[in-house]
Amino acid sequence: MTQEDLFKNLIAHTKEYGYIFPSSEIYDGLGAVYDYGQLGSELKNNIKKYWWESMVRLNENIVGIDSAIFMHPRIWEASGHVGAFNDPLIDNKDSKKRYRADVLLEDYIAKLEEKINKDVEKGRKKFGEAFDEAQFRATNPNVLRNARKIEECKERMVAALNANDLDALKQLILDCEIVCPISGTKNWTDVRQFNLMFSTQLGSVSGESGTIYLRPETAQGIFVNYLNVQKTGRMKLPFGIAQIGKAFRNEIVARQFIFRMREFEQMEMQFFVQPGQELEWFAKWKETRLKWHLALGMGEENYRYHDHDKLAHYANAATDIEFNFPFGFKELEGIHSRTDFDLGRHQEYSGKKLQYFDPEKGESYVPYVIETSIGVDRTVLAVLSGAYREEKLENGEERVVLKLHPALAPVKLAVLPLVKKDGLPELAREIMAELKLDFNCQYDEKDSIGKRYRRQDAIGTPLCITVDHQSLEDKCVTLRDRDTMQQERIPIAELYKRVDEKVNMRTLLKQLM
Ligand code: ATP
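Reference entry: report on the structure contained in this document.

What counts, and where the lines are drawn
Residues numbered from 1 in each chain as written. Predicted model: local features only at pLDDT ≥ 70, side-chain atom pairs only at ≥ 80, totals over all residues. Heavy atoms only, no water. Helix = DSSP H or I, 4+ residues; strand = E, 2+ residues; numbered from the N terminus. Buried < 20%, exposed > 50% of the residue type's maximum accessible area, 1.4 Å probe, protein only. Contact = heavy atoms within 4.5 Å. Polar contact = N/O pair within 3.5 Å; in protein donor to acceptor, adjacent residues only side chain to side chain. Pairing = 2+ DSSP bridges. Axes fitted to C-alpha atoms, helices over the stretch in contact; angles between N-to-C directions. Expected span 1.5 Å × (residues − 1).

Structurally, Thr-319 can be placed in strand β12 (residues 317-325). Since its relative accessible area comes to 0%, Thr-319 is described here as buried. Spatially, the C-alpha atom of Thr-319 lies 5.4 Å from that of His-306, the residues being 13 residues apart in sequence. With residues near it in sequence (within four places) discarded, Thr-319 still touches Phe-282, Lys-286, Tyr-305, His-306, Asp-307, His-308, Glu-333, Gly-334 and Ile-335. Within the structure, the side chain of Thr-319 is placed 3.3 Å from the backbone oxygen of His-306, a separation counted as a polar contact.

Okay, here's the thing in structure tokens:
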């Protein structure tokens, strides 16, 4: 099955089982807006909990806040979002489809990289044992030609984006002979800038003065509270402020399911450090954040760093952690060294000092900032696509299973009486009444036990217990593991411990210490 088909199946699966629904579906939906269903919201909450606790609980010098979505409009002038939070967009005149110019170019580069990799694979097959990949890459004319094209395209793209030269961007698209994936033509409009912020009116004031924005990132809520938190929390550098919350962007191209949404959620942490120490902290956070992802067990090979070619003018280092989504490696999290840009700008625009008095140095300065910024929804997508499997079993049957990390799974335990009579439902209910105080459990007595296991596999429940007639006598139940499908008989009295060992968030957090 192709990755594309697998992705389609995953989307259908998440809808069928109550993870994710298109927003306003009975009104035919709303572009790039999604709702989380009964299981999706549990998964999302677990992801947020994992992130929050890894930041706020494991680090004594990181605290969390929850700032408002609406903020003073001057904040977005200070941050640069009013002037420069733009995407370069281009339309194809034949298909009437709109694209981000930089994304068209990045896709073009990715295609050339794919071609190179195919040539290398061909070479490997042809030369067998004697194949020297480095030499092949350095000498094969096809590979060299495509590598040169990539270099040239990257260089021109970075120069055009940095100089905000929209004509140069269009020229590059024409020179690379990029065609619209829908119409197949090169009939492009000029490139235009498009501001991604949503605006609305505050109270009864209309016009310029009443215009406020839905925040396009949560970070600014942290910067403007820097001093409040530092003072009231008696925080000493280095320290961090974390926040989880909604953000809104009027994305031009909203595709790929919940990868790019117009309303989404971010988990951001701003780490304030002494100027001069920022690159050291940047390296540390790069490593720490990758560890957080790897603990989820979705395979080291599915993550990579992508250091930025084009640095924002205020950043002195930036990298993305990319995940191997069903549509290729794409940004999941950004880590940026933002210097004193944000606090400096808010100091300038607000006229309030946003400094830190360093008792050791005996002087005041504006701290530097390392930011880690990750999308909750993109993490949901990463986790679901990393977990989704269509498996053929030994007995010839098939099952769809979500191999979610047990600490993230929405339902931890299914309690299943073998039959609906003879006192089995009562015992099952009794067990559940105790366990549901600690774990999200689901009770199910409908259909055959096999069917019930399949339903739990499909939603990713790590453990099932079956209560049978013997349970009434020996006070034992059958515990079934989702991944191995192994079953074992254990005393009811041991259930709490066994479930806890498997699903407690501790298993994830411990790997970060
Ligand atoms: P992209 O280049 O994909 O548009 P970005 O570089 O603009 O992303 P940031 O501004 O660094 O993204 O935002 C930090 C994180 O927020 C991203 O790594 C991503 O996980 C998440 N994010 C950003 N935009 C969206 C969106 N439209 N939908 C869902 N998540 C998003």
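Our next topic: the sheet that holds strand β3 (residues 62-65). Pairing within the open sheet is mixed, and its seven strands lie in the order β3-β9-β10-β16-β13-β12-β11. Only two strands of the sheet have a single neighbouring strand rather than two, namely β3 and β11 (303-307). Strand-to-strand twist across the sheet, computed as the mean angle between neighbouring axes with direction ignored, equals 25°. In this structure, β3 lies alongside strand β9 (residues 239-248), joined through four bridges in parallel fashion. Bridged to Ile-62 within β9 is Gly-240. Docked against the sheet, helix α11 (residues 278-294) engages β3, β10 (263-273), β11, β12, β13 (328-339) and β16 (368-375), running at close to 150° with respect to β13.

Summarising the element assignment, Asp-342 is placed in helix α12 (residues 341-350). Residue classification places Asp-342 among the buried residues on the basis of a relative accessible area of 2%. With sequence-adjacent residues up to four places away left out, Asp-342 is seen in contact with Gln-220 and Phe-223.

Bringing helix α5 (residues 101-127) into the picture now. The terminal C-alpha atoms of α5, which comprises 27 residues, lie 40 Å apart, in line with the 39 Å expected from a rise of 1.5 Å per residue. Here α5 has its buried residues at Ala-101, Asp-102, Leu-104, Leu-105, Tyr-108, Ile-109, Leu-112, Ile-116, Asp-119, Val-120 and Gly-123. Of the residues trailing α5, Gly-128 is marked for its positive phi of about 55°.

By the element assignment, Trp-285 lies in helix α11. A C-alpha to C-alpha distance of 8.1 Å links Trp-285 and Ile-370, two positions 85 residues apart in sequence. For Trp-285, the contacting residues outside a window of four places in its chain are Met-55, Asn-59, Ile-62, Met-269, Phe-271, Ile-335, Ile-370 and Thr-372.

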